[in-house]
Amino acid sequence: MTSQTVLRKVFGYDGFRPHQMEIVEHLNGGRDAFVLMPTGSGKSICYQIPAIMRPGVGVVISPLIALMHDQVAALRQNGVRAAYLNSSLTAEAAAQVVRQAGDGQVDLLYVAPERLLMEGFQALLARMPLALFAIDEAHCVSQWGHDFRPEYLRIAEVTARHPEVPRIALTATADVQTRKDILGKLDLTRAASFISSFDRPNIHYRIQLKDNARRQLLSFLHRRHAGHAGICYVRTRKRADETAAWLRDQAISALPYHAGLDAQTRMAHQQRFQREDGVVVVATVAFGMGIDKPDVRFVAHLDLPASMEAYYQETGRAGRDGEAADAWMVYTLADVVAMRRLQEGSEGDAAYKQIQGRKLEALLGFCETTRCRRQALLDYFGEAYPDRCGNCDNCTHPTQTWDGTVAAQKALSCVYRTGQRFGAGHLIDVLLGNATERIRRLGHDRLKTFGVGTELDARQWRSVYRQLTAAGRLAVTDTAIAGFRLCPASWPVLKGDVQVQLRKDLHPQKQPTQTKKTAAQTALPLADEGDQALFERLRKVRLKIAKADSVPPYVVFHDKTLREMAVRKPADRSRLLMINGVGERKAEQYGERFLEAIRSHPSS
Ligand code: ADP
Ligand code: ZN
């Protein structure tokens, strides 16, 4: 069988995605590979197909038990002889897996790194033929990242005992330091590298001003994601609980997820997210690792993420199936101030703070940019993206800029003259000449800046303060109540040495929520209501099967596959097999139930 045939018969896919075939052939030829591709690009198939084709067992080292379960469940659905060995198995079940592997009845064996290092397991490796070693989430060898796993450092010791067995290391973590670490620590410096673009073309990026976060979220959900699964990220546990409760009051099936919930509740919520259709999880950053759900249609940030890396990783959980998905975020001046305070008050030496400061600058700059978001995002990861993407807010609704030099000077000078301790509310009152009780008491109505800013309204001044803070032209105080103070980068503005370009904010209410359909969205539209109804019906069939087999629905078939069925309406098994995503095993197991649903559907 060729690799193409395996792809078709086992996985039901028509063709390889970029790099997949090269990598498969490379491993089939017995050579090592390093694979750096973004989440959702299809890295798993790169080792799964060679493990199926080559004699012996393919050993997959994976750090997360939850991921192992899902991968093995999905492979078995496709009729692949896959198994895992980890601490969740009883001694008997583990012994059975070991026996089967030893007898040559397993093509893919998933293990945690701890298991790999055990003597008993090494003895097993020594007595069975090996197809390959795959080291998944290979960035876990690097202390630079946040997922460092010390056991990963010893993987190379084990693989060194099997020099004839090809190895493949895979990761979606892009930065150069981590990349070097992986090659060095896994002893893969001579491996061929396969690096693909970090672009996620099907994700639409949009960042708006926060006005009333919940209402904005609700309107976003109603307009674009009714009945869809998604993740909302918030900063605090309390906010996760409250937002989820509020969404439930609005008839959205939302669940909280954070480290404050007991393990059982967390597990239950995660399972519902994976197994039911259309669950929205409101989570702190604790959610996401180890969740391999391909049909997450949106990721919403109600608070700023910790960094650009975090933003990329969190938004990357949307649209792994390649269908259109949204990365949507709202933020406001208060968030910018809060982030600045957090960073300045953080523990750590000066060098660490400096790095954190730069990271925050990059994130805030990204929020404020008028460039194509995709260009800016990829730029941060060192990748050039030549043209505007056409699938982000700044591309579809270009933002106007204005020369804010004079306004910036007034705003900064007001900070200076009021003693560098007040927040935006007070400063704006001064600029607008509002002689409030407080202003009179403090004598701020006698300042030179009192009333010099009537050309802008309060909202516009807020925007000026936000943009100056985001750009690092203004610092925040570390006093109990946040105020602004000048910093070295304020002075060139005050002295007139630099020009300040500001973006014209759109009113949150007036911001566009509907975007042009992109290529990804129109891939295979459901032409009429009949198709739509059939699609819904097929989803029900799928849910029933998933429940009976206790697997998530997408393990049975992806939405994309069901949609294709609803449009093409295959009449028999052989036509069904022509649908992308239907392999032989699934056609045999469930085909009849889907064909039956299609046949009995009125329009077909
Ligand atoms: P990664 O590990 O890179 O995050 P996965 O291996 O989980 O990505 O693949 C993401 C999704 O893409 C999976 O649902 C997978 O079945 C699907 N996929 C992979 N390769 C192909 C292909 N050649 N054609 C269609 N779908 C594919
Ligand atoms: Zn763009």
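What you see is a predicted model, and the numbers here were worked out from it, not measured in a lab.

### Structural notes on the pairing of strand β8 (residues 203-209)
1) Next: Of all 7 residues that make up β8, 7 are buried, and the element is covered over most of its length.
2) Next: Here β8 shows two buried faces, one formed by Ile-203, Tyr-205, Ile-207 and Leu-209 and the other by His-204, Arg-206 and Gln-208.
3) Next: Pairing of β8 with strand β13 (residues 325-331), which is carried by 7 bridges, proceeds in the parallel orientation. Looking at β13, one finds that His-204 is bridged to Asp-326.

### A word on the site of ligand 1
1) Next: Taken together, 15 residues lie near ligand 1, and Tyr-13, Gly-40, Lys-43, Ser-44 and Arg-320 sit nearest.
2) Next: Within the backbone of Ser-41, a nitrogen or oxygen atom sits 3.4 Å from an oxygen atom of ligand 1.
3) Next: The side chain of His-558 places a nitrogen or oxygen atom 3.4 Å from an oxygen atom of ligand 1.
4) Next: A total of 570 Å² of accessible area belongs to ligand 1 in isolation, and the protein chains cover 84% of it.

### What to know about the side chain of Asp-559
1) Next: In this fold, Asp-559 is placed in helix α25 (residues 559-568).
2) Next: Among the residues examined, Asp-559 registers a relative accessible area of 10% and is labelled buried.
3) Next: When near neighbours in sequence (up to four residues on either side) are disregarded, Asp-559 contacts Asp-295, Glu-323, Phe-535, Arg-539 and Arg-542.

### With respect to the domain arrangement of the chain
1) Next: When cut into domains, the chain gives domain 1 (3-195), domain 2 (203-331 + 369-396), domain 3 (401-503) and domain 4 (529-599).
2) Next: Computed over C-alpha atoms only, the centres of domain 2 and domain 4 are separated by 28 Å.
3) Next: The interface is formed by 10 residues belonging to domain 2 together with 12 residues belonging to domain 4.
4) Next: Summed over both partners, the interface of domain 2 with domain 4 buries about 1000 Å², with 44% contributed by carbon and sulfur atoms.
5) Next: When the area that domain 2 buries against domain 4 is broken down by residue, the three leading residues are Arg-275, Asp-277 and Glu-323, summing to 53%.
6) Next: Of the charged contacts in the structure, one is a salt bridge between Arg-539 and Asp-277, with a shortest N-O distance of 3.8 Å.
7) Next: Inspection of the domain 2/domain 4 interface yields 3 residue pairs in polar contact (both at pLDDT 80 or more).
8) Next: A class-by-class count of the residues in the side of domain 2 that touches domain 4 yields 1 nonpolar, 2 polar and 7 charged.

Thresholds applied
Residues numbered from 1 in each chain as written. Chains lettered and ligands numbered in written order. Predicted model: local features only at pLDDT ≥ 70, side-chain atom pairs only at ≥ 80, totals over all residues. Heavy atoms only, no water. Buried < 20%, exposed > 50% of the residue type's maximum accessible area, 1.4 Å probe, protein only. Helix = DSSP H or I, 4+ residues; strand = E, 2+ residues; numbered from the N terminus. Pairing = 2+ DSSP bridges. Near = heavy atom within 4 Å. Polar contact = N/O pair within 3.5 Å; in protein donor to acceptor, adjacent residues only side chain to side chain. Areas by Shrake-Rupley, 256 points an atom, 1.4 Å probe, with all protein chains shown as cover. Contact = heavy atoms within 4.5 Å. Domains from an automatic or database assignment. Buried area = accessible area lost by both parts, 1.4 Å probe. Salt bridge = Lys/Arg side-chain N within 4 Å of Asp/Glu carboxyl O. Nonpolar A, V, L, I, M, F, W, Y, C, P; charged D, E, K, R; others polar.

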